[in-house]
Amino acid sequence: MDLTQDEWVSQYESDENAVILDVRTEDEYNSGIILNAIHLDIHQGQVFIDGLKALDKSKNYYVYCRSGARSAKACQIMDELGFKNSYNLLGGILDWDGEIVSP
């Protein structure tokens, strides 16, 4: 499900079962992340799939990338793998006006 930044933040902050997932490349990830994000690079193919399979499917995942395209694809893959709740950040970190921290 696609969410605007306001919706994404508001929902995340009130969700006790939330996990933030960054699906960008290692270099992008190292340039700064949204606080508490875990990293799985969607470009790593089977490594990415295996990483997803290791995650707890009962959690709610708030997914972002640079612009929102890769994270939308990641949410689609997560749905196919049986994740019930994954939320794509529209506009990605490019449009993010919240805090960005070093990983």
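See above for the structure.
In this numbering scheme, every chain counts its residues from 1 along its sequence in written order. In view of the model being predicted, local features appear only for residues whose pLDDT reaches at least 70, and side-chain atom pairs are presented and counted only at 80 or more, with totals across whole chains, interfaces and linings using the full set of residues. As a rule here, side-chain values cover all heavy atoms of the structure and leave hydrogens and water aside.

Attention now goes to the packing of aromatic side chains. Note on aromatic pairs: the rings of Phe, Tyr and Trp (six-membered ring only in Trp) are paired at centre separations within 6.5 Å, and the planes decide the class, stacked below 30 degrees, edge-to-face beyond 60, tilted for the rest. Scanning all chains against the criterion turns up seven aromatic pairs. When the ring of Trp-8 is compared with that of Tyr-12, the centres are 6.4 Å apart and the planes differ by 20°; the resulting orientation is stacked. One end of the pair is Trp-8 and the other is Tyr-12, both in helix H1 (residues 5–13) and four residues apart, which spans about a single turn. Each residue's exposure class comes from its accessible area (1.4 Å probe, protein chains only) as a fraction of the maximum for that residue type: buried when under 20%, exposed when over 50%, partly exposed otherwise. In this structure Tyr-12 comes out as partly exposed when scored by relative accessible area, which is 21%. Seen from their ring centres, Tyr-61 and Phe-83 are 5.4 Å apart, and the 85° between their planes marks the pair as edge-to-face. Linking Tyr-61 in strand E4 (residues 60–64) with Phe-83 in the loop between helix H4 (69–80) and strand E5 (85–89), this pair joins segments that are 22 residues apart in sequence. Put simply, DSSP marks the helices as runs of H or I at least four residues long and the strands as runs of E at least two long, and each gets a number from the N terminus on.

Right, let's talk about the environment of Gln-76 for a bit. Its place among the elements puts Gln-76 in helix H4. Classification of Gln-76 by relative accessible area gives partly exposed; the value is 39%. In this structure, the C-alpha to C-alpha distance between Gln-76 and Tyr-87, residues eleven residues apart in sequence, is 9.9 Å.

Moving on, we come to helix H3 (residues 46–53). Within the sequence span of H3, burial applies to Phe-48, Ile-49, Gly-51 and Leu-52. Projected onto a plane normal to the axis of H3, the buried residues spread over an arc of 160° and lie on a single side. Elements in contact with the buried residues of H3: strand E2 (18–22) and H4. Comment: arc refers to directions from the helix axis out to C-beta atoms. By the convention used here, residues are in contact when the closest approach between their heavy atoms is within 4.5 Å.

On a regular strand, one side chain projects to one face of the sheet and the next to the other, so that they alternate. Among the five residues in E5, four count as buried, and that is most of the element. Bridging between strand E1 (residues 2–3) and E5 involves two bridges; their strand directions are parallel. Of the residues in E5, the one forming a bridge with Leu-3 is Leu-89. The criterion for strand pairing is that DSSP finds at least two bridges linking the strands in question. The pairing of E4 with E5 spans four bridges and is classified as parallel.

For the rest of this paragraph, the subject is the layout of surface pockets. As defined here, a cavity is a set of points on a 1 Å grid over the protein atoms alone where a 1.4 Å probe fits but cannot get out. A pocket is an open set with protein on both sides within 12 Å along at least five of seven lines, and residues line them when an atom is within 4 Å of a point. Grid points are joined across faces, edges and corners, and a volume is the space filled by probe spheres set on the points. Taken as a whole, the largest pocket encloses approximately 180 Å³ of empty space. Around the largest pocket sit Trp-8, Val-9, Tyr-12, Glu-13, Ile-20, Ile-34, Leu-35, Trp-96, Gly-98 and Glu-99, which together line it. For the lining of the largest pocket, a count of residues per class yields seven nonpolar, one polar and two charged. Each residue receives one of three labels: charged for Asp, Glu, Lys and Arg, nonpolar for Ala, Val, Leu, Ile, Met, Phe, Trp, Tyr, Cys and Pro, and polar for the others, Gly being one of them.

All right, on to the sheet that holds E4 then. Read from one edge of the open sheet, five strands run E1-E5-E4-E2-E3, paired in parallel fashion. A strand with exactly one partner marks an edge of an open sheet, and here the two such strands are E1 and strand E3 (38–39). Inspection of the sheet shows E2 paired to E3 by two bridges, in the parallel sense. Across the sheet, the residue bridging to Asp-22 is His-39, located in E3.

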